[in-house]
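Structure at a glance
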Amino acid sequence: MATSNTSNTWNTSDADRTGTGPSPRSPLTASAGRVFDTVPPTVLVLLGIVSVQVGAALAKNLFGAAGSFGTVALRLFFAAAVLMLLWRPSPRMNRRAWTVVLGYGAVLGLMNLCFYLALARIPLGIAVTIEFLGPLGVALAGARRWLDAFWAVLAAGGVVLLMEGRGELDLVGCLFALAAGVCWGLYILLGAALGRHTPEGDGLALGMAVAALMAVPFGVADSGTALLQPWVLVAGLGVALLSSVIPYSLDLEALRRMPPRVFGILMSLEPAVAALIGLVVLRESLYWSQWLAVLCVVVASAGATRAARASLPDS
């Protein structure tokens with residue numbers, strides 16, 4: 001993950017998936033692991049991708065009742081609660097570790113806020129495609145080969161097609177998606193530091209709690225008592241499970257049994273899956289040029305991931 005292993009820059013989803021490596025398991029996660037052992041790792045990754053995008057679609061359907069800020073608040077609050085119960089992290093860490101956790105949580109919260117603000121304005125597939133430029137940028141950072149330049153140009157061409165394919169595409173929404181992508185890139189780099197300074201489960205749970213503390217005041221100020229409606233709370237829990245807890249657990253299990261390069265290439269399918277989920281669940285149709293744009297970003301992501309892994313020395 002991050003600069004030491006560029007292929008692992010894809011071990012995160014649009015909001016809070018990380019791939020900093022295996023860590024000691026709680027009895028509950030160990031039990032889940034035994035169930036996952038019967039499922040091929042490629043299937044686990046694909047299920048995780050679908051889970052994230054279905055969660056995003058469910059979140060978008062919540063905007064009418066809870067608003068984008070309120071939906072972010074519910075997602076991060078419930079995700080933090082579940083992960084804290086799952087990992088039971090110890091707060092006893094040195095100053096350096098806490099600095100990383102606080103930075104990780106702040107970026108995670110901001111990334112979610114920006115992504116959901118984008119999702120309120122533009123289709124899911126377009127939001128995820130633009131956001132995906134963040135991890136792609138991390139993968140290509142410091143690249144010196146002509147092939148890497150080709151992947152960058154291909155991704156840039158995809159963005160041009162995306163913007164020109166639909167005249168009424170909301171510019172503010174696209175800028176929010178781009179901001180979420182920048183945060184995703186920072187999140188990847190901080191995720192690598194988190195893996196070095198904390199046990200994985202502890203760092204993730206505490207970082208999620210920081211993100212929740214950051215987002216909840218915005219959600220309460222924006223939506224007020226609407227967040228306390230029983231069906232909204234249930235839907236918010238569903239978003240948290242689908243978008244955070246389930247895909248994180250699936251990714252972690254898959255990474256135990258497959259090379260990071262393969263994982264990264266599979267993760268490159270995420271913009272295409274987002275576009276399909278947007279079409280099927282949200283009835284968000286794209287023009288043919290926008291589907292071509294999504295394909296360009298997927299191919300560029302897969303190519304950059306494969307090239308980055310190939311350029312690393314054997315370990």
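The structure contained in this document is the topic of the report that follows.

With that settled, consider the packing of aromatic side chains. The tally for this structure, following the rule as stated, stands at 7 aromatic pairs. Between Phe115 and Tyr116, the aromatic rings sit 5.9 Å apart at their centres with planes inclined by 50°, giving tilted as the arrangement. Of the two residues examined, Phe115 and Tyr116, each falls in the buried class. An angle of 75° between the planes, with centres 5.3 Å apart, marks the rings of Phe132 and Trp184 as edge-to-face.

One way to put it is that helix α4 (residues 124-131) packs onto helix α5 (residues 133-140) with a least axis distance of 5 Å and a crossing angle of 20°. When the interaxial angle is binned, α4 and α5 end up roughly parallel. Side by side, α4 and α5 meet where Thr129, Ile130 and Glu131 of the first sit next to Leu133, Gly134 and Pro135 of the second.

Attention now goes to the nonpolar core. Membership of the largest hydrophobic core comes to 80 residues, with the highest contact counts inside it found for Val45, Phe115, Ile122 and Leu124. The greatest single-element share of this core, amounting to 18 residues, is contributed by helix α2 (residues 41-87). Formed by 7 residues, the second largest nonpolar core is a distinct cluster that contains Leu136, Leu140, Trp151 and Ala300.

Another aspect to go through is the state of the cysteines. For the structure shown, the criterion picks out 0 disulfides. Summary of cysteine pairing: Cys183 is not part of a disulfide, and the nearest cysteine sulfur, belonging to Cys114, is at 4.9 Å. Residue classification places Cys183 among the buried positions, given a relative accessible area of 8%.

Let's shift gears to the pattern of salt bridges. What the rule picks out here adds up to 2 salt bridges. Lys60 is the salt-bridge partner of Glu284, the closest N and O atoms lying 2.5 Å from each other. Of this pair, Glu284 sits in the loop between α11 (270-282) and α12 (288-310) while Lys60 sits in helix α2, placing them 224 residues apart in sequence. On the basis of relative accessibility, which here comes to 14%, the residue Glu284 falls in the buried class. Taking relative accessible area as the criterion, Lys60 reaches 17% and is therefore assigned buried.

Now for a nonpolar patch on the surface. Together, Met163, Leu171, Leu175, Leu178, Val182, Leu186 and Leu189 make up an exposed nonpolar region whose accessible area comes to about 610 Å². With 6 residues, helix α7 (residues 171-197) is the largest single contributor of residues to the nonpolar patch. With respect to the element layout, Leu189 can be found in helix α7.

This paragraph deals with the environment of Tyr187. Along the polypeptide, Tyr187 turns up in helix α7. Taking the C-alpha atoms as reference, Tyr187 lies 6.5 Å from Leu108; in sequence the two are 79 residues apart.

This part is about helix α3 (residues 95-119). Under the 1.5 Å per step criterion, the end-to-end length of α3 is 36 Å for 25 residues, consistent within 8% with the ideal 36 Å. For α3, the capping residue at the N-terminal end is Asn94, with a side-chain oxygen 3.2 Å from the backbone nitrogen of Arg96.

Moving on, we come to the environment of Ala240. With respect to the secondary-structure elements, Ala240 resides in helix α9 (residues 230-255). Between the alpha carbons of Ala240 and Gly55 there is a distance of 7.5 Å; along the sequence they are 185 residues apart. In this structure, Ala240 is in contact with Arg75, Phe78, Ala79 and Val245, ignoring residues within four places of it in sequence.

Further remarks concern the environment of Thr198. With respect to the element layout, Thr198 can be found in the loop between α7 and α8 (200-223). Between the C-alpha atom of Thr198 and that of Arg96, which follows or precedes it by 102 residues, the distance is 9.9 Å. What Thr198 contacts, discounting residues up to four positions off in sequence, is Met93, Ala97, Val101 and Gly203. Within the structure, the side chain of Thr198 is placed 2.8 Å from the backbone oxygen of Leu194, a separation counted as a polar contact.

Conventions adopted
Residues numbered from 1 in each chain as written. Predicted model: local features only at pLDDT ≥ 70, side-chain atom pairs only at ≥ 80, totals over all residues. Heavy atoms only, no water. Phe/Tyr/Trp six-rings, centres within 6.5 Å; stacked < 30°, edge-to-face > 60°. Buried < 20%, exposed > 50% of the residue type's maximum accessible area, 1.4 Å probe, protein only. Axes fitted to C-alpha atoms, helices over the stretch in contact; angles between N-to-C directions. Helix = DSSP H or I, 4+ residues; strand = E, 2+ residues; numbered from the N terminus. Parallel < 35°, antiparallel > 145°, perpendicular 65-115°, else oblique. Contact = heavy atoms within 4.5 Å. Core = buried A, V, L, I, M, F, W, Y, C linked by side-chain atoms within 4.5 Å. Disulfide = S-S within 2.5 Å. Salt bridge = Lys/Arg side-chain N within 4 Å of Asp/Glu carboxyl O. Patch = residues over 30% accessible without salt bridge, like charges linked within 9 Å, V, L, I, M, F, W, Y side chains within 5 Å. Areas by Shrake-Rupley, 256 points an atom, 1.4 Å probe, with all protein chains shown as cover. Expected span 1.5 Å × (residues − 1). Polar contact = N/O pair within 3.5 Å; in protein donor to acceptor, adjacent residues only side chain to side chain.

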